[in-house]
Amino acid sequence: MMWTSHPVTKITGTLRAPGDKSCSHRALILGGLAAGTSEISGLLEGEDVLNTGRVMAALGAEVERVGEGAWRVTGVGSSGLKTPNVDLDFGNSGTGSRLMLGVVAGYPIEARFVGDASLSGRPMGRVLDPLEQMGVTYEASEGKTLPLVLSGRSDLRAIQYEPPHASAQVKSCILLAGLNAEGETVVRESRITRDHSERMLRGFGAEVATARDGAANIVSIRGGQNLTAQETLVPGDPSSAAFLAAAAMISTGGGVVVEGMMSNETRDGFYRAASLMGAHVGAEDVGDAAGERLIDMSFESADLRGAEIPVDLVPSMIDEFPILAVLAAHASGVTVVKGAEELRVKESDRISAVVNMLRVNGVDVEETKDGFIVQGCDGAIPGGGLVETHHDHRIAMSALVMGTASQKPVSIDDASMIATSYPDFMDHMQALGADLRSGPA
Ligand code: S3P
């Protein structure tokens, strides 16, 4: 279904951030493994997360929705996961599938992992290789992709592993397998990636040791630890809030407050990059949830200037490059993104999808191997293009945000994937004053 975003002059209002996708997956997974009943509130009810809930239920946990964003999960505890009698279907979710490969690895069961066309094209070797070192066997499709059948085992070997890519999914997969391995599993990442698994594992009663060695981050977990049910309030998602923030920054009349957002240095790269480009970002402490700090953040119209995005910010803004590209297109001057080759293996090839999104809307942009270079339009993005989203939710949302401040409307070929991560996106944007309509311009 096509959607079109028509230009507006004001983006204003106050909203509560939707639940964080990463934390929502982890709350269902850890709740499903723990002994006892966990109560989760603020869960993101996006398709990706709901699939993880269905998978945990297929593996023996009791997963029940008790209200809006409120879920009750009774974990398998010491009786362990059972062999599922259905395929484990992760839909579009790299996070759900990669984390669950690590979970299933530690139990003597066999499970078939499947997903949609986009997920079935994404590399799983990055988690299958270390899991194989730990002792699992698998049969995967060509190129180590889904569909695949994984055979876990109860005598998994602990490993010491240095992932070749900065990836929280890989780190988390190995830590979750390590929870059921014999000995101490150690992951050494050359640059820290989002650390929600470490924080939430601790919240569920596991001991997880972390240490820094310069920019490197070392995480260790001893096998054979049991998890205990918890009450978890899922913090607001800084990746989803980035769309609202960007809409305010590029608007001539922008003033948006997003409440209850997670503040975590492994996730705030977009906000730091936007500040480097001249945005004013306000933050007020409002407590904590799920081992994370919570803040209310405010955003307003800004005179944005292009910038060279520091490479060391890349892991902490890995999902935000499509929306950063919209800021870059709106800004004056040149923005350079490099060191972001991981974008090629996200829900779409996000480097080429971003470049096309800007180009069809009249923005001068150059594609590079590991990023892109944008010539800013100094507040006057021409617009008028139809963006191919390649079934990528973040391309779809970025293009619609761009349309709010372009000279002509911006259309997208398909809005359905937005439901994977931010089902309330259209409602939230409309509440702030965006003019979004189904159909072509
Ligand atoms: C995630 C990790 C990131 C991110 C994804 C969520 C997670 O992926 O892109 O949206 O919850 O661990 P990578 O680990 O592949 O960078």
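A brief structural summary. (Residues numbered from 1 in each chain as written. Predicted model: local features only at pLDDT ≥ 70, side-chain atom pairs only at ≥ 80, totals over all residues. Heavy atoms only, no water.)

**Quick notes on the overall build of the chain**
Of the regular secondary structure elements, the chain holds 13 helices and 23 strands. Projected onto its principal axes, the C-alpha coordinates of the chain cover approximately 60 × 45 × 40 Å. Here the chain holds 441 residues, and the buried ones make up 60% of them. Put simply, of all contacts in the chain between residues at least 6 apart along the chain, 76% involve residues at least 24 apart. (Helix = DSSP H or I, 4+ residues; strand = E, 2+ residues; numbered from the N terminus. Buried < 20%, exposed > 50% of the residue type's maximum accessible area, 1.4 Å probe, protein only. Contact = heavy atoms within 4.5 Å.)

**Digging into the packing of helix α8 (residues 238-250) against helix α10 (residues 321-330)**
Close contact between α8 and α10 brings their axes to 10 Å; oriented N to C, the two are set at 5 degrees. It follows from the interaxial angle that α8 and α10 lie roughly parallel. Residue-level contacts link Ala-242, Phe-243, Ala-246, Met-249 and Ile-250 of α8 to Ile-323, Val-326, Leu-327 and His-330 of α10. (Axes fitted to C-alpha atoms, helices over the stretch in contact; angles between N-to-C directions. Parallel < 35°, antiparallel > 145°, perpendicular 65-115°, else oblique.)

**Focus on the sheet that holds strand β20 (residues 371-375)**
Strand order in this open sheet of three strands is β18-β20-β19, and the pairing throughout is antiparallel. At either margin of the open sheet sits one strand with a lone partner, and together these are β18 (334-337) and β19 (364-368). Going from strand to strand, the sheet's axes swing by 10 degrees on average, the running direction of each strand aside. In this sheet, β20 lies alongside β18 in antiparallel orientation, the contact comprising four bridges. Within the sheet, the bridge partner assigned to Val-337 lies in β20 and is Phe-372. (Pairing = 2+ DSSP bridges.)

**Things to note about the pattern of salt bridges**
For the coordinates displayed, the defined rule picks out 30 salt bridges. With a shortest N-O distance of 3.8 Å, Arg-54 and Glu-47 are connected by a salt bridge. Across the pair Arg-350 and Glu-347 runs a salt bridge, and its minimum N-O distance is 3.1 Å. Through salt bridges with shared partners, a single ionic network connects Arg-122, Arg-194, Asp-319, Glu-347, Arg-350, Asp-392 and Arg-394. (Salt bridge = Lys/Arg side-chain N within 4 Å of Asp/Glu carboxyl O.)

**Let's talk about the layout of surface pockets**
The computed volume of the largest pocket comes to approximately 630 Å³. Elements represented by at least two residues in the lining of the largest pocket include exactly α1 (21-33), α3 (94-105) and α6 (168-178). Looking at which element gives the most residues to the lining of the largest pocket, the answer is α1, with four residues. Taken together, the residues of the lining of the largest pocket break down into nine nonpolar, 13 polar and 16 charged. (1 Å grid on protein atoms, 1.4 Å probe; cavity = no way out; pocket = protein on both sides within 12 Å on 5 of 7 lines; lining within 4 Å. Points joined across faces, edges and corners; volume = space filled by probe spheres on them. Nonpolar A, V, L, I, M, F, W, Y, C, P; charged D, E, K, R; others polar.)

**Focus on the site of the ligand**
The environment of the ligand is made up of Ser-22, Arg-26, Thr-95, Ser-167, Ala-168, Gln-169, Arg-194, Ile-318, Asp-319 and Lys-346. Measuring from an oxygen atom of the ligand, one finds a side-chain N or O atom of Ser-22 at 2.7 Å. One nitrogen or oxygen atom from the main chain of Ala-168 is found 2.9 Å from an oxygen atom belonging to the ligand. Here the ligand loses 96% of its free accessible area of 380 Å² to cover by the protein chains. Cavity membership is defined here by more than half of the atoms lying within 2 Å of grid points; on that basis the ligand lies in the largest pocket. For the shell around the ligand, the secondary-structure elements that each account for two or more residues are α1 and α6. Inspection of the shell around the ligand shows a minimum of three residues originating in each of domain 1 (3-17 + 238-438) and domain 2 (21-221). (Near = heavy atom within 4 Å. Polar contact = N/O pair within 3.5 Å; in protein donor to acceptor, adjacent residues only side chain to side chain. Areas by Shrake-Rupley, 256 points an atom, 1.4 Å probe, with all protein chains shown as cover. Sits in = over half its atoms within 2 Å of the grid points. Domains from an automatic or database assignment.)

**Digging into the nonpolar core**
By size, the foremost hydrophobic cluster in this structure holds 78 residues, and its most contacted members are Phe-270 and Phe-425. Top element by residues in this core is α8. It accounts for ten residues. Dropping the residues within four chain positions of it, Phe-270 is found in contact with Ala-242, Ala-245, Ala-246, Ser-316, Met-317, Glu-320, Ile-323, Leu-324 and Leu-327. Of all hydrophobic cores here, the second largest spans 65 residues; its members include Leu-33, Leu-50, Val-103 and Ala-206. (Core = buried A, V, L, I, M, F, W, Y, C linked by side-chain atoms within 4.5 Å.)

**Details of empty space enclosed by the protein**
Enumeration over the complete set of coordinates arrives at one cavity of 30 Å³ or more. In this structure, the largest cavity encloses a volume near 30 Å³. A total of three residues in the lining of the largest cavity trace back to one element, the largest contributor, which is α1. Split by residue class, the lining of the largest cavity holds four nonpolar, one polar and one charged.

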